[in-house]
Amino acid sequence: MIGTGEPNAIAIGFFLGFIVLSLAITVWAARKTHTADQFYTAGGGVTALQNGLALAGDFMSAASFLGIAGLVALSGFDGLIYSVGWLVGWPVVLFLIAEPLRNLGRYTFADVVAARLRQKPVRVASAVGSLAVITFYLIAQMVGAGNLIRLLFGLPYEFAVVIVGVVMLAYVLFGGMTATTWVQIVKAVLLLGGASLLALLVLARFNFNPLALFSEAARQYGDGVLSPGRLVTDPVDAISLGLALMLGTAGLPHILMRFYTVRDARTARSSVAYATVAIGFFYLLTFILGFGAMVIIGRPAITQVDAGGNMAAPLLAAAVGGTGFFGFISAVAFATILAVVAGLTLSGAATLSHDLWVNVVRHGQSNSREELLVARAATVALALVAIVLGILFKGQNVAYMVGLAFAIAASANFPVLVLSIFWSRLTTAGAQASTFAGTIAALGLIWLSPAIQIDVLKNETAWFPLRNPGVVSIPLAFAVAIVVSLLRPVPEEASRFHALERRLHLGAED
Amino acid sequence: MAPDTTPHTLEAVSAARWRIALSLTVAMMAIYFGFILLVAFDKPLLGRVIAPGLSLGMLLGVLVIVSAWVLTWVYVRWANTHYDSRLGGLRR
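This write-up is about the structure you can find in this document. In this text, all values refer to a predicted model and were calculated from it rather than measured experimentally. (Residues numbered from 1 in each chain as written. Chains lettered and ligands numbered in written order. Predicted model: local features only at pLDDT ≥ 70, side-chain atom pairs only at ≥ 80, totals over all residues.)

## Describing the overall build of chain A
When you go through chain A residue by residue, the secondary structure sums to 20 helices and 0 strands. Considering only residue pairs separated by 6 or more positions, chain A has 84% of its internal contacts joining residues 24 or more positions apart. (Helix = DSSP H or I, 4+ residues; strand = E, 2+ residues; numbered from the N terminus. Contact = placed C-beta atoms within 7 Å.)

## What about helix H20 (residues 491–506) of chain A?
Residue and element names in this part refer to chain A. The terminal C-alpha atoms of H20 lie 24 Å apart, and with 16 residues this matches the ideal 22 Å at 1.5 Å per residue to within 8%. The sharpest bend along H20 reaches about 40 degrees and sits at Leu500. Remark: Gly507 follows H20 within two positions and exhibits a positive phi of approximately 85 degrees. (Expected span 1.5 Å × (residues − 1). Bend = angle between axes of the 7 residues up to and from the residue.)

## Topic: the environment of Phe497 of chain A
Residue and element names in this part refer to chain A. Its place among the elements puts Phe497 in helix H20. Residue classification places Phe497 among the buried positions, given that 20 C-beta atoms sit within 10 Å. Residues Phe497 and Phe422, 75 residues apart in the sequence, show an inter-C-alpha distance of 9.3 Å. Other than its neighbours up to four places away in sequence, Phe497 contacts Arg116 and Ser424. (Buried ≥ 20, exposed ≤ 12 C-beta atoms within 10 Å, placed from the backbone.)

## Some remarks on unusual backbone geometry
Residue and element names in this part refer to chain A. Residues other than glycine seldom take positive phi values, yet Ala42 does so here, at roughly 55 degrees. Position of Ala42 among the secondary structure elements: in the loop between helix H2 (36–41) and helix H3 (48–59). The residue Asn207 is not glycine, and still its phi comes out positive at about 55 degrees. Residue class for Asn207 comes out exposed when judged on the 9 C-beta atoms lying within 10 Å of it.

## Comments concerning the environment of Ala307 of chain A
All names here are of chain A. Following the sequence through the fold, Ala307 ends up in the loop between helix H13 (299–305) and helix H14 (312–361). Residue Ala307 is classed as exposed on the basis of its C-beta count, with 11 C-beta atoms lying within 10 Å. Distance in space between the C-alpha atoms of Ala307 and Thr336 is 21 Å, their sequence separation being 29 residues.

## As for the interface of chain B and chain A
In this complex, chain B contributes 43 residues to the contact, which on the side of chain A involves 42 residues. Contributions of two or more residues to the side of chain B that touches chain A are made by helix H1 (10–41), helix H2 (43–47), strand S1 (49–51), strand S2 (54–55) and helix H3 (56–91) of chain B. Here the side of chain B that touches chain A is built from residues that sort into 31 nonpolar, 8 polar and 4 charged. (Nonpolar A, V, L, I, M, F, W, Y, C, P; charged D, E, K, R; others polar.)

## Remarks on the environment of Ala114 of chain A
Residue and element names in this part refer to chain A. If you trace the backbone, Ala114 turns up in helix H6 (residues 110–114). Its 24 C-beta neighbours within 10 Å are what place Ala114 among the buried residues. When the C-alpha atoms of Ala114 and Ser126 are compared, they prove to be 9.5 Å apart, with 12 residues separating the residues in sequence. In contact with Ala114, not counting residues within four places along its chain, are Gln119, Val122 and Arg123.

## Quick notes on helix H5 (residues 79–104) of chain A
All names here are of chain A. Helix length check: H5 (26 residues) gives 37 Å between terminal C-alpha atoms against 38 Å at 1.5 Å per residue, within 8%. The axis of H5 is deflected most strongly, by about 50 degrees, at Val93. By the criterion of burial, H5 is predominantly enclosed, with 26 of the 26 residues buried.

Just geometry here; none of it tells us what the structure is for.
Next comes the structure, spelled out in structure tokens:
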């Protein structure tokens, strides 16, 4: 039966086709990647539509495609709560972050913080926050990749993790941001096209009326599938999860880095708008796909293949489009993971090379050739780390790891970034303390939460009652930054803020 | 459209930019957390079926997504016309 781990020739054919295409892109991109600037930003010439699609490709992970479709298939309405939370972060990125980030920075979001504060302390702090987010996000993607490829193509878990690591390494190492961008664009187009076609094939059975599909689901499984279920029960926990999903997007290093690939702030602005439309449209599609799988495949058949429901969308493709379409959707799911891990690794390499090596170890006295060399070495190291962690963390809950990454991003990176753009009195000590407080609070509270203490360690009680730390750790990070900055004001840093204000709005060119 | 009479100083442009940015952010958060609080506190209300196959909760969830698009459009339109033209005035 499809999806039970038997090698599938058509699926493997599409999968090899995507690898050949993406490596051809990499060979082409490698010829345009000679300087650190080209490696990190593709030379800054990406258009608004291209960057919008690449942002969508960087953001829509396997968790949002297979995970949300599965969640909807198994619990109906509740899947919508995650979709909505992941989308509403995008307008916040647009309103608060994208344009100032483009105008003030060059390669990493730490550039923005470092522009007005003391370089070394804030770069070290931001690097800790970034690398923590990137590590958890990478683990989640690698574990997801291993599981999926085993189910989809019948390849062993470890083999799948190594393949993902090696192919992604080829993109980033040789093609830098140019290859990463085009892999993300191709993936976004394939994912949006594949999901649209699948949704159309489903709706064709219901006279192209989504309500007829939902009615049929309610007839088979009861009106309960149309209403909120057990996913959100505690209101404080719901707010906490919501805060992390919403503000985490604005603190993800691999997303923020993409704004440096466009010419100016106006292009950055348009690119977020394209991304928001594409991602919102995609989440509406996954809702159709989830209900389609619930009705056409049936819940028992979905959970029989994978208890988490992750195979709902590929099984649906097989049911409405045959083995060929199943192979295509499987290859799209694989492309999805590759594009996300490439973006993550590139942003991790930028943090290690640009933030830590060039600006901390070498005090900013480094040439482009050396920076590029270090960035490439960092890429190889990160790929190896990703492969090893992917194998070590086999069997971990993927959605939980992604939640962790969002919680750290929202607590460690977002408060400092937003305060350094908005608040003239932020000081180096305040920024540093805030990043560490946010990281430690997010990690510590997750450790003390029921998710670890009761579910994993099998203890009777958990010291911290919430599953999501956001409602505590995000305000804490803001409070620490503000209190520490006000206790020991640094007038020179405030005056540097005012000196940078023109550049914040107009960019660096004049 | 009425001629823009706001003084083109950096302070004025900056204040206008942050006013719009913060208002729209607060609007997005209010809409989203309003939805989440209804999910947490009033499940029966959201579960009410308002048309065959459509519950109030599903309609509101889709409207949150649509509102994210609308707020994005409002900001981009404001920035492309007002903000950029005032920045153009500052560059001169």
